[in-house]
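Chain by chain, the residues run as shown.
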Amino acid sequence: AQSVAQPEDQVNVAEGNPLTVKCTYSVSGNPYLFWYVQYPNRGLQFLLKYITGDNLVKGSYGFEAEFNKSQTSFHLKKPSALVSDSALYFCAVRHNTDKLIFGTGTRLQVFP
Amino acid sequence: NAGVTQTPKFRVLKTGQSMTLLCAQDMNHEYMYWYRQDPGMGLRLIHYSVGEGTTAKGEVPDGYNVSRLKKQNFLLGLESAAPSQTSVYFCASSSQGTGANVLTFGAGSRLTVL
């Protein structure tokens, strides 16, 4: 069965420093991977996706994610964190063409 | 352009009561979904629909029913609410093809069952 794991419940980073939010996946076949972000009291918003092609995927708000097939990982990154990036981040994998399976989420706290 | 609208935003029920959550989207999306969000468990798919008149079970369908009589609406029903159904419920929609799996979410409906 398709699944994703987010090993960190929370990531803390100082403003201006690079950030990484980790995600590993388990799929049969080619993985379709996604990152979503949830700001307080809001629904999730799409950030980026990997379907095929370049292993480095660029998304919204300066975020990018690196697909690593040998490590079965799809980590979310940003070169310089902002306080406004503080939110809950979800990794997701396509289960079939109809639906996504989400990870448990990682809370990112960026401190001034 | 409203996107995905959920009503109500908040509701408190007593055990055994019934209720319906309404989701409406104005983007002409084929696919619609109901998720629940619980601390430490992320989002879990309850039911989904791939088009008007269709529904399918997700990961945690027990205790819920859904209907998609019109393309723009997706209703989630609780026939006999239980405290375990206390959660935040999110509706989402997406288009087919290359837009599939890029979900647009509503703002959520917080349900408390006493």
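This text goes with the structure placed above it.
Here goes a summary of the coordinates provided. These figures come from a predicted structure and were not determined experimentally.

Turning our eyes to something else, we now look at the overall build of chain A. Looking only at helices and strands, one finds 0 helices and 12 strands in chain A. Along its sequence from the N terminus, chain A presents helices and strands in the succession β-β-β-β-β-β-β-β-β-β-β-β. Put simply, chain A has 112 residues, and 46% of those count as buried. The contacts in chain A between residues at least 6 apart in sequence include a share of 53% that link residues at least 24 apart.

What follows deals with the interface of chain A and chain B. Bring the parts together and some accessible area is lost; that lost area is often taken as the interface size. Every contact between the two is made by 21 residues of chain A and, on the other side, 22 residues of chain B. Where chain A touches chain B, the interface holds 0 salt bridges. Our enumeration of links across chain A and chain B arrives at 3 residue pairs in polar contact (both at pLDDT 80 or more). A class-by-class count of the residues in the side of chain A that touches chain B yields 9 nonpolar, 7 polar and 5 charged.

With that settled, the discussion passes to the sheet that holds strand 7 (residues 65–67) of chain B. Residue and element names in this part refer to chain B. Pairing within the open sheet is antiparallel, and its 4 strands lie in the order 1-3-8-7. Edge strands, defined here as strands with exactly one partner in the open sheet, are strand 1 (4–7) and strand 7. Going from strand to strand, the sheet's axes swing by 20 degrees on average, the running direction of each strand aside. As judged from the 4 bridges shared by strand 1 and strand 3 (residues 19–25), these two strands associate in the antiparallel manner. From the neighbouring strand, Val-4 faces strand 3, where its bridge partner is Gln-25.

In total, this model carries 6 salt bridges over all chains according to the counting rule given. The residue A:Lys58 makes a salt bridge to A:Glu64 at a minimum N-O spacing of 3.0 Å. Ionic pairing is found between B:Arg44 and B:Asp38, a salt bridge with its closest N-O pair at 2.9 Å. One salt-bridge network, held together by shared partners, links B:Arg36, B:Asp38 and B:Arg44.

It is worth spelling out the packing of aromatic side chains at this point. Applying the stated criterion across every chain, the model contains 15 aromatic pairs over all chains. Ring centres 6.0 Å apart and planes at 80 degrees place the aromatic pair A:Tyr36 and B:Phe105 in the edge-to-face group. Taken together, the residues span two chains, with A:Tyr36 in strand 5 (residues 33–38) and B:Phe105 in strand 10 (residues 104–105). Taking the relative accessible area as the measure of exposure, A:Tyr36 reaches 0% and is therefore buried. Ring centres 6.4 Å apart and planes at 80 degrees place the aromatic pair B:Phe90 and B:Phe105 in the edge-to-face group.

Attention now goes to the nonpolar core. Grouped together as the largest cluster of nonpolar side chains are 28 residues, with contacts concentrated most on A:Trp35, A:Leu47, A:Leu48, A:Phe74, A:Leu76 and A:Tyr89. Mapped onto this core, the elements with two or more residues apiece are strand 2 (10–14), strand 3 (19–21), strand 5, strand 6 (44–50), strand 8 (64–68), strand 9 (73–78), strand 10 (87–96) and strand 12 (106–111) of chain A. Among residues more than four places away in sequence, those in contact with A:Leu76 are A:Leu19, A:Thr20, A:Val21, A:Trp35, A:Leu47, A:Leu48, A:Phe63, A:Glu64, A:Ala65 and A:Tyr89. Counting residues in hydrophobic clusters, the runner-up holds 19 residues, among them A:Ala92, B:Tyr33, B:Tyr48 and B:Phe90.

All names here are of chain A. Within the secondary structure, Thr-106 is located in strand 12. Under the relative-accessibility criterion, Thr-106 is labelled buried at 0%. Looking at Thr-106, its side chain comes within polar contact range of the main-chain oxygen of Glu-8, at 2.7 Å. With residues near it in sequence (within four places) discarded, Thr-106 still touches Gln-6, Glu-8, Asp-9, Gln-10, Val-11, Val-21, Ala-87, Leu-88 and Tyr-89.

Reading guide: rules and limits
- Residues numbered from 1 in each chain as written.
- Chains lettered and ligands numbered in written order.
- Predicted model: local features only at pLDDT ≥ 70, side-chain atom pairs only at ≥ 80, totals over all residues.
- Heavy atoms only, no water.
- Helix = DSSP H or I, 4+ residues; strand = E, 2+ residues; numbered from the N terminus.
- Buried < 20%, exposed > 50% of the residue type's maximum accessible area, 1.4 Å probe, protein only.
- Contact = heavy atoms within 4.5 Å.
- Salt bridge = Lys/Arg side-chain N within 4 Å of Asp/Glu carboxyl O.
- Polar contact = N/O pair within 3.5 Å; in protein donor to acceptor, adjacent residues only side chain to side chain.
- Nonpolar A, V, L, I, M, F, W, Y, C, P; charged D, E, K, R; others polar.
- Pairing = 2+ DSSP bridges.
- Axes fitted to C-alpha atoms, helices over the stretch in contact; angles between N-to-C directions.
- Phe/Tyr/Trp six-rings, centres within 6.5 Å; stacked < 30°, edge-to-face > 60°.
- Core = buried A, V, L, I, M, F, W, Y, C linked by side-chain atoms within 4.5 Å.

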